[in-house]
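The residues making up each chain are set out below.
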2 protein chains.
Amino acid sequence: MTTDAKILSALRQNPGGVSGAELAGQLGISRAAVWSRIEELRKVGFEIEADPHFGYRLRGEPDALLADDLLARLGKTKVIGRDIRVFGQTTSTNDVVEKLARDGVPEGVVVFAESQTRGRGRLGRKWMSPPRKGLWFSLLLRPAMRPQQTTQLTVASATALRRAILIHTNLNAEIKWPNDILIAGRKVAGILTELSAELDRVRHVIPGIGIDVNQDPSDFPPELRKLATSLRIEAGDKVSRAALAADVLRELDREYSRVCAGNFSEISEEWVEHCETIGRDVTVQIGDRKIRGRAESLDDEGALVLRTEHGRLQRITGGDVSVEK
Amino acid sequence: MTTDAKILSALRQNPGGVSGAELAGQLGISRAAVWSRIEELRKVGFEIEADPHFGYRLRGEPDALLADDLLARLGKTKVIGRDIRVFGQTTSTNDVVEKLARDGVPEGVVVFAESQTRGRGRLGRKWMSPPRKGLWFSLLLRPAMRPQQTTQLTVASATALRRAILIHTNLNAEIKWPNDILIAGRKVAGILTELSAELDRVRHVIPGIGIDVNQDPSDFPPELRKLATSLRIEAGDKVSRAALAADVLRELDREYSRVCAGNFSEISEEWVEHCETIGRDVTVQIGDRKIRGRAESLDDEGALVLRTEHGRLQRITGGDVSVEK
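These numbers were taken from a predicted model, which means no experiment stands behind them.

## Comments concerning the interface of chain B and chain A
Part 1: Taken together, the contact between chain B and chain A spans 22 residues of the former and 22 residues of the latter.
Part 2: With seven residues, strand S8 (residues 186-198) of chain B is the single largest residue contributor to the side of chain B that touches chain A.
Part 3: When grouped by side-chain class, the residues that make up the side of chain B that touches chain A number seven nonpolar, nine polar and six charged.
Part 4: Bridge analysis of strand S8 (residues 186-198) of chain A against S8 of chain B gives five bridges, and the strand direction is antiparallel. What sits directly across from Ala197 of chain A, in S8 of chain B, is Leu195 of chain B.

Shown next, in the form of structure tokens:
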């Protein structure tokens, strides 16, 4: 953790105030250095009160993603978020992480952008990522798995995302196979998993995640208002993006550890419990082809197992799934 | 085709000679321009005789890969080799093509290097690529397929490679699943297929191919002499790398068209006929795990289908296969 991250962490742990001397002691720096870091934090929007009796107190936070702040909120994780980078604007955070991957950066790095000019969803679709309204970020993973198994990571990410939303907002989201998070039938988050691989060995996987956090209905184009929603719309209150980001990364780290330990079946159980797709009659559109059937289960590679209308079992690894009403 | 490629093509079509006036007419340029291009070709090593009676005649060729020369030899193809680039030295031609892919270069581009400093084989192994001894190159493909189907491209590449070697040297090579070409049990060429994909959609595939062409036994380290060979060792004569390259690209183009047209079963039949693995008892090493069985067939995604010692059918999509003696 950087010094700024440690200061923010100490301020949050001591809402009643912490003195400059205490901070200096904890961090092993001078009181003048503490003061100078506090000044820098104020410049990026943190309201830090300096009281002669109580010491420094955190009174307000900027609505901005700051790497030091995210590191401080997240605390210690196994892999994900040990390195966090925040960009004001990028084409797509997946592009940034792809470059880092090729430069040999270790797994676990997370790249956020306040906005993306070319955010993308599955199947080449555009993903809208307006400034400061949501969380748009990508992770670099280097799991020892075969390309076929990477659907496990989408399933694990969806499970983590659903749980973090519940922890943070008390909203009960559902998962739509393979990569969407819905609240009351409307999409609130999506995951695009990109991979680079040899035939039988993954080199790296980049899950890209978009969460609609603080949009008002008017922030969505009219044609999307029935299909998309935000946590703010559903919770009725503004959500701290930074706090949510920390919760999401913590849950992602936990799920990734479970995948790497070979415990996909645990994740899969939780996933199935909260999946709107399993047990329903669905239509899968794959290119020009339509397959109808009942979604029966998730297999151990993360594929959806369908009992087709002809009674055969069929593994679905892609395409668009829609639940029949 | 460039002007130089057209001149080389005309010289090869007219071994008895072609006049400057004829060349100028065919190419729509002045005789002075023809003369100046001929001078340039001489500089890179082509021996071009200018005879007052017969005109220009091609008497000798450099042992070098030149993009114009390769384009001229290859002629018209559907996809592969419409754009050819030759580097003196690279880390790995796959790296160069990967960069081109990200820059949006259309599929079909082929990158050769006279030598690679970090040529790689499957499973992170090193691939030796000494200067001017072999063909080290990579292709950019953008097929509309799912990641699981890309093994088809390795199978198609191996089939093309085997056929080109037969056409060019009359040597009967065998294929070892999934990516090796052997002559009399020793490896003469290999294919490393790398892919970039979403979960259910390939963005691009880069087959990297290495062919040991003109090595003498002493060019191989002692520990490899029983395992590796070159076309020169097997044919007993030096092989024109440029002519072989054109034959290989032509066959690759043909096989790629068959894959894209959905005719993988045709390729698969030819592959099985020349595969040393099918019908044999094999051991597959996947990480720490060993699977024993009889290699029965190739399935429609290019996986090896094994009848295990316990009688079950198992699809093999990776690992090291060795044939039991």
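## Some points on the sheet that holds strand S11 (residues 289-298) of chain A
All names here are of chain A.
Part 1: In spatial order, the strands read S13-S12-S11-S10-S14; together these five strands make up an open sheet with antiparallel pairing. Edge positions in the sheet fall to strand S13 (313-316) and strand S14 (320-323), since each of these pairs with one other strand and no more. Recorded for the sheet is a direction-independent mean angle of 45° between the axes of neighbouring strands.
Part 2: By the bridge criterion, four bridges tie strand S10 (residues 281-286) to S14 in an arrangement that is antiparallel. Bridged to Val282 within S14 is Val323.

## Focus: the domain arrangement of chain A
All names here are of chain A.
Part 1: Domain assignment breaks chain A into domain 1 (3-60), domain 2 (67-273) and domain 3 (281-323).
Part 2: A separation of 31 Å is found between the C-alpha centroids of domain 1 and domain 2.
Part 3: Across the boundary between the two partners, domain 1 contributes four residues, which contact four residues of domain 2.
Part 4: Here the residues of the side of domain 1 that touches domain 2 sort into two nonpolar, one polar and one charged.

## Points about the relation of the copies chain B and chain A
Part 1: Taken as rigid bodies, chain B and chain A are interconverted by a rotation of 180° and an axial shift of 0.1 Å, the fit giving an RMSD of 0.0 Å. Seen this way, the second copy is the image of the first under a two-fold rotation axis. Measuring from the rotation axis to each C-alpha of chain B, the shortest distance belongs to Ser196 of chain B, at 2.2 Å.

## Regarding the pairing of S10 of chain A
Part 1: Pairing of S10 of chain A with S11 of chain A involves six bridges; the strand directions are antiparallel. From the neighbouring strand, Asp281 of chain A faces S11 of chain A, where its bridge partner is Arg294 of chain A.

## Comments concerning the environment of Glu234 of chain A
All names here are of chain A.
Part 1: Counting through the fold element by element, Glu234 comes out in helix H7 (residues 231-235).
Part 2: Classification of Glu234 as partly exposed rests on a count of 19 C-beta atoms within 10 Å.
Part 3: Considering only alpha carbons, one finds Glu234 and Ile183, 51 residues apart in sequence, at a separation of 7.7 Å.
Part 4: If sequence neighbours within four positions are ignored, Glu234 has contacts with Leu171, Ile183 and Thr229.

## Some words on the environment of Ala245 of chain A
Residues and elements named next belong to chain A.
Part 1: Turning to its location among the elements, Ala245 is positioned in helix H8 (residues 241-260).
Part 2: Separated by 73 residues in sequence, Ala245 and Asn172 have C-alpha atoms that sit 17 Å apart.
Part 3: Not counting residues up to four positions away in its chain, the partners in contact with Ala245 are Leu65, Leu70 and Leu135.

## Quick word on unusual backbone geometry
Part 1: Between Trp177 of chain A and the following residue, Pro178 of chain A, the backbone shows a cis peptide bond with an omega angle of -5°.
Part 2: Mapping Pro178 of chain A onto the fold places it in the loop between strand S6 (174-176) and strand S7 (180-183).
Part 3: Within the chain, Asn170 of chain B stands out as a residue other than glycine whose phi angle is a positive 70°.
Part 4: For Asn170 of chain B, the location among the structural elements is in the loop between helix H6 (151-169) and strand S6 (174-176).
Part 5: The exposed category is assigned to Asn170 of chain B, around which 8 C-beta atoms lie within 10 Å.

## Thoughts on the sheet that holds strand S13 (residues 313-316) of chain B
Residue and element names in this part refer to chain B.
Part 1: Spatially, five strands are ordered S13-S12-S11-S10-S14 in an open sheet, and the strand pairing comes out antiparallel. Two strands bound the open sheet, and with one partner strand each, they are S13 and strand S14 (320-323). Within the sheet, the average angular offset between the axes of one strand and its neighbour, ignoring direction, is 45°.

## Details of the packing of helix H4 (residues 67-74) of chain B against helix H8 (residues 241-260) of chain B
Residue and element names in this part refer to chain B.
Part 1: Remark: H4 packs on H8, axes separated minimally by 9 Å, with the N-to-C direction vectors making an angle of 55°. In terms of orientation, H4 and H8 fall into the oblique class. Here the hand of the crossing between H4 and H8 comes out right-handed. Residues Asp69, Leu70, Arg73 and Leu74 of H4 form the contact with H8, whose own contacting residues are Ala242, Ala243, Ala245, Ala246, Leu249 and Arg250.
Part 2: Its residues assigned to classes, the contact of H4 with H8 shows seven nonpolar, no polar and three charged.

## A closer look at the confidence of the model for chain A
Part 1: On average, residues of chain A score 92 in pLDDT, and 99% of them are at 70 or above.
Part 2: Prediction confidence for the complex, expressed as pTM and ipTM, is 0.83 and 0.74 respectively.

## Description of the packing of helix H1 (residues 3-13) of chain A against helix H2 (residues 20-27) of chain A
Packed helices, taken two at a time, are described by the angle their axes make and the gap between the axes.
Residues and elements named next belong to chain A.
Part 1: In contact at an axis separation of 11 Å, H1 and H2 are set at 130° when each is read in the N-to-C sense. If you check the angle between H1 and H2, you find them oblique. Taken as a pair, H1 and H2 cross one another with a handedness that is right-handed. Contact residues: H1 offers Thr3, Lys6, Ile7 and Ala10, while H2 offers Leu23, Gln26 and Leu27.

Calculation criteria
- Residues numbered from 1 in each chain as written.
- Chains lettered and ligands numbered in written order.
- Predicted model: local features only at pLDDT ≥ 70, side-chain atom pairs only at ≥ 80, totals over all residues.
- Contact = placed C-beta atoms within 7 Å.
- Helix = DSSP H or I, 4+ residues; strand = E, 2+ residues; numbered from the N terminus.
- Nonpolar A, V, L, I, M, F, W, Y, C, P; charged D, E, K, R; others polar.
- Pairing = 2+ DSSP bridges.
- Axes fitted to C-alpha atoms, helices over the stretch in contact; angles between N-to-C directions.
- Domains from an automatic or database assignment.
- Least-squares fit on C-alpha atoms with pLDDT ≥ 70 in both.
- Buried ≥ 20, exposed ≤ 12 C-beta atoms within 10 Å, placed from the backbone.
- Parallel < 35°, antiparallel > 145°, perpendicular 65-115°, else oblique.
- Left-handed = near helix turned anticlockwise from the far one by under 90°.
- pLDDT = per-residue confidence, 0-100.

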